[in-house]
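# Summary of structural features
Okay, here's what each chain looks like letter by letter:
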Amino acid sequence: MAAHINIGTLISGGGTNLQAIIDACKDNTISGNIVFTGSDTPDVKGLERAQTAGIDTFVVDYARIIRSCRSGIADKDLPADFSLEDIMEKQHLIDPADGNALFFLKSRAIAEKQLLDRIMTYDMDLLVLAGFMRVFTPYFIDRINTVPGKYRIMNIHPALLPAFPGTDGYGDTFRYGCKVGGCTVHFIDYGEDTGPIIGQKAFEITDTDTLDDVKRKGLEKEWELYPACIQKFARQILPERA
Ligand code: GAR
């Protein structure tokens, strides 16, 4: 027996996974409905898909926010409940010795606060990243995962994790010369693509396949895998947080 869940979605682009989730909610393959679609980039096709389906949309323009941070970040620009010490201690995204670490964490927290301000206006059980091309700092994650032991942010990654984390999973798989590619749905934790795996699907890469073939085969698998993993969440049969 699955609960009916309220799903928040975040995208950065075309939104074909979002479309698969919209369709799966409509035909009850997922017992739930999408309560919003947010994007870090204005004017992307995924926003249009959401609007066509009658879903609330919003944009938090990360590129603009990060650009404006480049002129300097004062303490008053940071969220009132931001603790650099806490975030530095928890995060596994960037080497603290990296000269860019402070700027990275602070500028992302400023963008994340704007996202949270939008998200918190909805009653949401699960946040689904559907081609959302930003990582989250512990500032954001801790404000979504508020119940100890329960993960609430799901992501789809275009490779068979733990191989090829990062921003170009299919490209990395193809260039390495892999004969099998795949996609992974996992929960978000404090690292990049390191959280507990919920599901995976694999496909064969033949000697004549191009990178475009790999992407096409991969996306087709993603559209099956993501709704199935969300439904698994609705059935509440997923691993608990340590
Ligand atoms: C998908 O291939 C997804 O796995 C990938 O972006 C694409 C989005 O396509 N996500 C990531 O790389 C996350 N780091 P879509 O917008 O058509 O759903």
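Predicted, not measured: the structure shown is a model, and the values here were computed from it.

The full count for this structure, using the stated rule, is 13 salt bridges. Close ionic contact of K201 with E224 constitutes a salt bridge, the shortest N to O distance being 3.4 Å. Of this pair, K201 sits in strand β7 (residues 197-204) while E224 is found in helix α8 (residues 211-234), placing the two residues 23 residues apart along the sequence. On the basis of relative accessibility, which here comes to 30%, the residue K201 falls in the partly exposed class. Residue E224 is classed as partly exposed on the basis of its relative accessible area, which comes to 44%. Here the salt bridges share partners, and the residues they tie into one network are D86, K90 and D142.

Bringing the site of the ligand into the picture now. Every residue lining the ligand is accounted for by G14, G15, T16, N17, G131, M133, I156, H157, P158, Y170, L219 and E222. In this structure, an oxygen atom belonging to the ligand sits 2.9 Å away from a main-chain N or O atom of N17. Burial of the ligand by the surrounding chains reaches 85%, relative to a free accessible area of 450 Å². Of the pockets mapped on this structure, the ligand occupies the largest pocket. Counting only elements with at least two residues in the shell around the ligand, the list comes to α1 (16-26), β5 (153-157) and α8. When grouped by side-chain class, the residues that make up the shell around the ligand number 5 nonpolar, 6 polar and 1 charged.

Turning to the packing of helix α3 (residues 62-69) against helix α5 (residues 101-119), a few remarks are in order. Two elements in contact, α3 and α5, have axes separated by 10 Å at closest approach and are oriented at 135 degrees. Classified by the angle their axes make, α3 and α5 are oblique. In the packing of α3 onto α5, the handedness of the crossing is right-handed. Two secondary-structure elements touch here, α3 through Y62, I65, I66 and C69 and α5 through F103, S107, R108, I110, A111, E112, Q114 and L115.

A few words now on the layout of surface pockets. Here the largest pocket defines a volume of roughly 830 Å³. Together, 34 residues line the largest pocket, and G131, F132, M133, I156 and P158 are the ones closest to its centre. Contributing elements (two or more residues each) for the lining of the largest pocket: α1, α5, β5, α7 (169-176) and α8. Here the residues of the lining of the largest pocket sort into 14 nonpolar, 13 polar and 7 charged.

What counts and what doesn't
- Residues numbered from 1 in each chain as written.
- Predicted model: local features only at pLDDT ≥ 70, side-chain atom pairs only at ≥ 80, totals over all residues.
- Heavy atoms only, no water.
- Salt bridge = Lys/Arg side-chain N within 4 Å of Asp/Glu carboxyl O.
- Helix = DSSP H or I, 4+ residues; strand = E, 2+ residues; numbered from the N terminus.
- Buried < 20%, exposed > 50% of the residue type's maximum accessible area, 1.4 Å probe, protein only.
- Near = heavy atom within 4 Å.
- Polar contact = N/O pair within 3.5 Å; in protein donor to acceptor, adjacent residues only side chain to side chain.
- Areas by Shrake-Rupley, 256 points an atom, 1.4 Å probe, with all protein chains shown as cover.
- 1 Å grid on protein atoms, 1.4 Å probe; cavity = no way out; pocket = protein on both sides within 12 Å on 5 of 7 lines; lining within 4 Å.
- Sits in = over half its atoms within 2 Å of the grid points.
- Nonpolar A, V, L, I, M, F, W, Y, C, P; charged D, E, K, R; others polar.
- Axes fitted to C-alpha atoms, helices over the stretch in contact; angles between N-to-C directions.
- Parallel < 35°, antiparallel > 145°, perpendicular 65-115°, else oblique.
- Left-handed = near helix turned anticlockwise from the far one by under 90°.
- Contact = heavy atoms within 4.5 Å.
- Points joined across faces, edges and corners; volume = space filled by probe spheres on them.

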